[in-house]
Amino acid sequence: MILAIHAITGAVVSANAGNITEAAFLGLVSHYLIDSIPHTDYELKQLKNNSIKTSFREYLKIAADLLIGGIVILFFLIRRNFSGVILVLTGAFFGLLPDGLTFLDCQIKDKNKNLFTRSLAIINAFHEKMHSLNKNKKIAAILQLIYIALLIFLIFSL
Ligand SMILES: [Zn+2]
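Sequence order as written defines residue numbering, which begins from 1 separately in each chain. For this predicted model, a pLDDT threshold of at least 70 governs which residues receive local features, and a threshold of 80 or more governs which side-chain atom pairs are given and counted, while totals over whole chains, interfaces and linings are taken from all residues. Values shown for side chains rest on all heavy atoms present in the structure; no hydrogens or waters enter the calculation.

### Side note on the overall build of the chain
A count of helical and extended segments in the chain gives seven helices and zero strands. Mapped from its N terminus to its C terminus, the chain presents α and β elements in the order α-α-α-α-α-α-α. The size measure is the radius of gyration over C-alpha atoms, and the globule rule it meets is 2.2 Å times the number of residues to the 0.38 power. The globule rule puts the C-alpha radius of gyration for 158 residues at 15 Å, and the 16 Å found for the chain is close to it. We call a residue buried when its accessible area falls under 20% of the maximum for its residue type, exposed when it is over 50%, and partly exposed in between, using a 1.4 Å probe and counting protein chains only. A total of 158 residues make up the chain; the buried ones form 37% of that total. Residue pairs at least 24 apart in sequence account for 75% of intrachain contacts in the chain once pairs closer than 6 positions are excluded. Note on areas: Shrake-Rupley with a 1.4 Å probe; residue coverage comes only from the protein chains shown. Within the structure as shown, the chain displays about 9600 Å² of accessible surface, and the carbon and sulfur contribution to it stands at 72%. Secondary structure follows DSSP: runs of H or I at least 4 residues long count as helices, runs of E at least 2 residues long count as strands, and numbering of each begins at the N terminus. Note on contacts: a residue pair qualifies if any of its non-hydrogen atoms lie within 4.5 Å across the two residues.

Have a look at this one:
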């Protein structure tokens, strides 16, 4: 799933959390749950093997994705008090965290280098297992659109 969707989902599910730990937990769980919906993803593993021009285009897409997510979350923050802002930002951060860790893991060549790199590889293997096995792009596109419509509804109703 694209980053904006993860960040916005993390923000929405944690908006009414009781505390920061709950917001972090909800953001993290939301990531794995929506990754189990059939969807398309960035090819992070291939990024470092691509030409500079192709990689630049992919990084530009990722930057635009994060920017859009950030703008929607800013809109979502307007009506919140300070503790509400902290909860929403925590949920958004933890909603993105697994993909950030995957990106980091893809940059590491020697996965057995130390405890951190080994832990990262285990976390990433779990993350990959949570992804849908569906390879049908039409089904993925339809389900993503339904999910985005649901998310927009939730943003305006919370
Ligand atoms: Zn993910």
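More follows now that the structure is in view.
### So, helix H6 (residues 115–130)
Between the first and last residue of a helix there are one fewer steps than residues, each counted as 1.5 Å, and that sum is the expected span. With 16 residues, H6 extends 23 Å between its outermost C-alpha atoms, agreeing within 8% with the 22 Å of an ideal straight helix rising 1.5 Å per residue. What H6 keeps buried is the set Thr-117, Leu-120, Asn-124 and His-127. Summarising the axial view, the buried residues of H6 lie within an arc of 80°, below the 170-degree limit, and thus occupy one face. Exposed and facing more than 90 degrees away from the buried side of H6 are Leu-115, Ile-122 and Lys-129. At its buried positions, H6 is contacted by helix H2 (20–35) and helix H5 (82–107). Whenever two N or O atoms come within 3.5 Å, that pair is a polar contact, provided that in protein one can donate a hydrogen and the other can accept it, and provided that, for residues adjacent in sequence, both atoms are side-chain atoms. For H6, the side-chain oxygen to backbone nitrogen distance between the N-cap and Phe-116 is 3.0 Å, and the N-cap itself is Asn-114. Note that the arc is computed from the directions linking the helix axis to the C-beta atoms.

### Quick word on the nonpolar core
Within the largest apolar cluster, 17 residues are counted, with the highest numbers of intra-cluster contacts made by Ile-8, Ile-73, Phe-76 and Val-88. At the level of secondary structure, the elements contributing two or more residues to this core comprise helix H1 (3–14), helix H4 (52–77), H5 and helix H7 (137–157). With six residues, H1 is the single largest residue contributor to this core. In this structure, Ile-73 is in contact with Ala-7, Ile-8, Ala-11, Val-88, Leu-89 and Ala-92, ignoring residues within four places of it in sequence. We call a set of buried residues a nonpolar core when its members are Ala, Val, Leu, Ile, Met, Phe, Trp, Tyr or Cys and they connect through side-chain atoms within 4.5 Å of each other.

### Some details on the pattern of salt bridges
Any Lys or Arg side-chain nitrogen located within 4 Å of an Asp or Glu carboxyl oxygen qualifies as a salt bridge. Under the counting rule described, the total for this entry stands at two salt bridges. With a shortest N-O distance of 2.9 Å, Glu-58 and Lys-61 are connected by a salt bridge. Placement of both Glu-58 and Lys-61 in helix H4 is noted, with a separation of three residues, approximately one turn of the helix. Under the relative-accessibility criterion, Lys-61 is labelled partly exposed at 43%. Notably, a salt bridge pairs Lys-111 with Asp-105, separated by 3.4 Å at the nearest N-O pair. Take Lys-111: its relative accessible area is 29%, and that puts it in the partly exposed class. Its relative accessible area of 5% is what places Asp-105 among the buried residues.

### Regarding the confidence of the model for the chain
Low-pLDDT stretches of the model should not have their predicted coordinates read in fine detail. Confidence of the predictor at the level of single residues is given by pLDDT, which spans 0 to 100. Confidence in the prediction for the chain averages 87 pLDDT; 94% of positions are at 70 or higher. Ranking the helices and strands of the chain by mean pLDDT puts H2 first, with 95, and helix H3 (residues 44–47) last, with 60.

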